Amino acid sequence: MSLRTSEFDIEGMHCGSCVRAVEKAIEKSPGVRTVSVNFATHEAKVEHEADAPIDEMVDRVHRAGYEARPRRNARADDHAPTDHDDHAHHANPAIEAIERERAVWGRRALVGALLGAPVLVMGMFWMTPLSGLLQFALTTPLQAYIGSLYYIGAWRALRHGRANMDTLVALGTSVAYLYSVWALLQRADHYYFDTAAVILALIALGKWLEARARGEASGAIASLLRLRPSRAIVVRNGNEEEVPLSEVREGDEVLVRPGARVPVDGEILDGASALDESMLTGESMPREKKPGDKVVGGTLNQTGALRVRAQAVGAASALEQIVDIVRNAQSSKARAQRIADSVASWFVPIVIAVALGALLGWGLLASDWPRAIFSMVAVLIVACPCALGLATPTAIMVGTGIGARRGVLIKDAAALERAGRIDVVVLDKTGTVTVGAPEVVEVEIIDESVGRDEALRLAAGAERRSEHPLAKAIVARAREAGIDVPEPQGFQSETGVGVRATIDGAPVRVGAWRSLGLAHAHARRAEAMEAEGRTVIGLSRDDALVALFALADTEREGAAEAVRALHAMGLRVVLLTGDSETVARAVAARLGIDDVHAQVLPQDKAAHVRELQERGERVAMVGDGVNDAPALAQADLGVAMGRGADVAVDAGHIVLTGDDLSALPRAIALCRATMRRIRTGLFWAFAYNALLIPVAAFGFLHPMLAAAAMSLSSVSVVANALSLRLRRW
């Protein structure tokens, strides 16, 4: 049975206990495999059988007292234009919902302040029956306007045999309000109208601040989508035509002017320019681009005009794939969050029991009913299951958002947890530590009558028709130097030896230096080059040695700095490669790598990772995501090099989209910092409730202070997550 994933926007959740209620409702639908509800974004992700009825899931959520709106997130054609194309800010319903929520709570907070402030002043300084009437007149509309939300939520929960934060607020404010109404009818001179009014005003203010903070935390997706222009200039039948991005198709020729963002992924047909690819790689330096090079939609064209052949549009584009990875990561749950959701599901009934205990204890045992009501209201109001529900998802949203902007794509919450536990980093050499393609790094002239450029011209001419990677490297180096590579005559290739050709009427050989019969001194020089981890090729003309070429797969930019940073984090670094021991140890020595495993076949890399794990070590494997896929899957943490536009590699828990290996320690540090924020937030949420609920029950906490503390607890948890932004990543 094939599976698919559907996403829903959930309305009506007000605390962590609501999360579990929605999950239970959806889990009862036929064909549902897994459900994950995110309180911070009010989203649900459901994995289910392809024929599972979506309408029944929606109906079950409705019957549980909430509303679910399915998203159009399944496309038959991955190349179809997406909803993001025309207006980036409409692309994420969760962000829109948070913005609406912020506006609603802003209005409620304003009304709460306008009505609650005079009630507070009268309650403190003017305690007369007339004051009571005025307080009643101001508090009643406040109770109806702000309190109605909690009454409705509490009634829905009660209908389904549950209690949630709505229940706590509705009970707490109603007890204070109704007691005050009773006291007013009895012509008493002491009321709790100010308590009910200020509680509602402070809760509204706290919800507004919380919505603002959540909006900032979830802004990563919106900021990514804003990079995509809404329109593109397409060249059709020789005419330039500006069209909506959704109308661009694969194969279209797109014009990108200087200062404009590239609208699609594609290949440059004409023009040269420098492109700012920081949105993709996290690297600030622009990259020079020329015809034949690939470009990615959303990058900024800085200097020259470009004509680009569109190759990936809509859901197939790199930017859309990045957005999908970030969105999936933000909707995933860490193990700690599942525990917190479970605690929140039975948290409210316990709080109600404590509040009733405080009421009966002070009322029946101490015969102090005003104190009993005072304590009961304080317990109900100070309890905050919201903080439990916000601690983890907000930290994940902030951490994954920072990573996406810095070229680090964290696929799910499990990757954050795994990164915090590793103690060994295994690096594949080719394509990970090195660029994955040989380059000419040294030319040693033997025949001094031949210049360096002439030696390159002869070697490139002989190798011009060869398909060997080393031959291509020599030809590429000659062309980079502006040398006109001659056409060879009588080209012959000898497997394992090299090539023969006639250049300018003279016989030329290029191949393994040992096949050229080098003199002792020249042979020692070739051996010295090999000892440095290089491949040595010889060039002869008329059977006389002309030059030696040293080729190497050069280390990636920042590789040495990355290894030093990993060591500084207390991690051991291992190099794993199929190359010879000599080459591997030379690379390891240059980079400062601790241990080397050479001549390892691709299919055996996973076994080496398993061997390290059997020693009790927790291993992160870093590879290219293709040849290293089994090893990445075997490792505790798999990190794949995404090769720029190729961000959707299946292997790996983390994808590095740039070529700079220094993103690796940055990724691990970011994961560790995010997990610290999660632990800190959960500790604060648990400690806050464990400390203040008993204080309130024993009558030492005023209900108004309880409301302020409850509001601040949620805001502080979100602010704790946002503090990740203060560090320069």
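Residues numbered from 1 in each chain as written. Predicted model: local features only at pLDDT ≥ 70, side-chain atom pairs only at ≥ 80, totals over all residues. Heavy atoms only, no water.

**Examining the pairing of strand β24 (residues 619–623)**
1) Next: Of all five residues that make up β24, five are buried, and the element is covered over most of its length.
2) Next: Across the two faces of β24 the burial is the same, with V619, M621 and G623 and A620 and V622 all buried.
3) Next: Here four bridges tie β24 to strand β25 (residues 637–641), and the two strands are oriented parallel to one another. Considered in β25, the bridge of A620 is made with L637. (Buried < 20%, exposed > 50% of the residue type's maximum accessible area, 1.4 Å probe, protein only. Helix = DSSP H or I, 4+ residues; strand = E, 2+ residues; numbered from the N terminus. Pairing = 2+ DSSP bridges.)

**Focus on the domain arrangement of the chain**
1) Next: Taken domain by domain, the chain consists of domain 1 (3–70), domain 2 (94–226), domain 3 (231–316), domain 4 (332–393 + 677–728), domain 5 (408–433 + 556–657) and domain 6 (436–554).
2) Next: Centre-to-centre separation of domain 3 and domain 5, based on C-alpha positions: 33 Å. (Domains from an automatic or database assignment.)

**What about the sheet that holds strand β21 (residues 544–552)?**
1) Next: Within the open sheet, the six strands sit side by side as β16-β21-β20-β19-β18-β17. Their pairing is antiparallel. The sheet terminates laterally at β16 (439–445) and β17 (489–494), the two strands that pair on one side only. The mean angle between the axes of side-by-side strands here comes to 20°, regardless of whether they run parallel or antiparallel.
2) Next: With seven bridges connecting them, strand β20 (residues 535–541) and β21 associate as antiparallel partners. In the strand pairing of β21, L539 is matched with A547.
3) Next: Strand contacts of helix α16 (residues 452–463): β16, β17, β18 (498–503), β19 (506–512), β20 and β21, with the helix running at about 110° to β18, the strand carrying the most contacts.
4) Next: Running at roughly 10° to β21, helix α18 (residues 520–531) makes contact with β16, β20 and β21 of the sheet. (Axes fitted to C-alpha atoms, helices over the stretch in contact; angles between N-to-C directions. Contact = heavy atoms within 4.5 Å.)

**Things to note about the packing of aromatic side chains**
1) Next: For the structure shown, the criterion picks out six aromatic pairs.
2) Next: Ring plane angle 20° and centroid distance 6.3 Å describe the contact between F136 and Y177, whose orientation is recorded as stacked. Residue F136 is found in helix α4 (residues 129–145), and its partner Y177 is found in helix α6 (residues 165–185); the two are separated by 41 residues along the sequence.
3) Next: Take Y177: its relative accessible area is 11%, and that puts it in the buried class. (Phe/Tyr/Trp six-rings, centres within 6.5 Å; stacked < 30°, edge-to-face > 60°.)

**Describing the packing of helix α12 (residues 369–382) against helix α23 (residues 663–697)**
1) Next: It is at 8 Å that the axes of α12 and α23 come closest, and there the two elements cross at 165°. What the angle tells us is that α12 and α23 run roughly antiparallel. In this structure, the crossing between α12 and α23 has a hand that is right-handed. Contact with α12, carried on its side by S375, A378, V379 and V382, involves Y688, N689, L692, I693, A696 and A697 of α23 and no other residues of that element.
2) Next: Class assignment for the residues of the contact of α12 with α23 results in eight nonpolar, two polar and no charged. (Parallel < 35°, antiparallel > 145°, perpendicular 65-115°, else oblique. Left-handed = near helix turned anticlockwise from the far one by under 90°. Nonpolar A, V, L, I, M, F, W, Y, C, P; charged D, E, K, R; others polar.)

**Re the pairing of strand β3 (residues 43–49)**
1) Next: Counting buried positions along β3 gives five out of seven residues, so the element sits mostly inside the fold.
2) Next: Here strand β1 (residues 3–11) runs beside β3; their pairing, made up of seven bridges, is antiparallel. The residue bridging T5 from the neighbouring strand is E47, located in β3.
3) Next: Relative to β3, strand β2 (residues 32–38) runs antiparallel, the two being bridged by six bridges. Considered in β3, the bridge of V37 is made with A44.
4) Next: Hairpin connection, β2 to β3: the antiparallel pair is bridged by four residues, and H42 has positive phi, about 55°.

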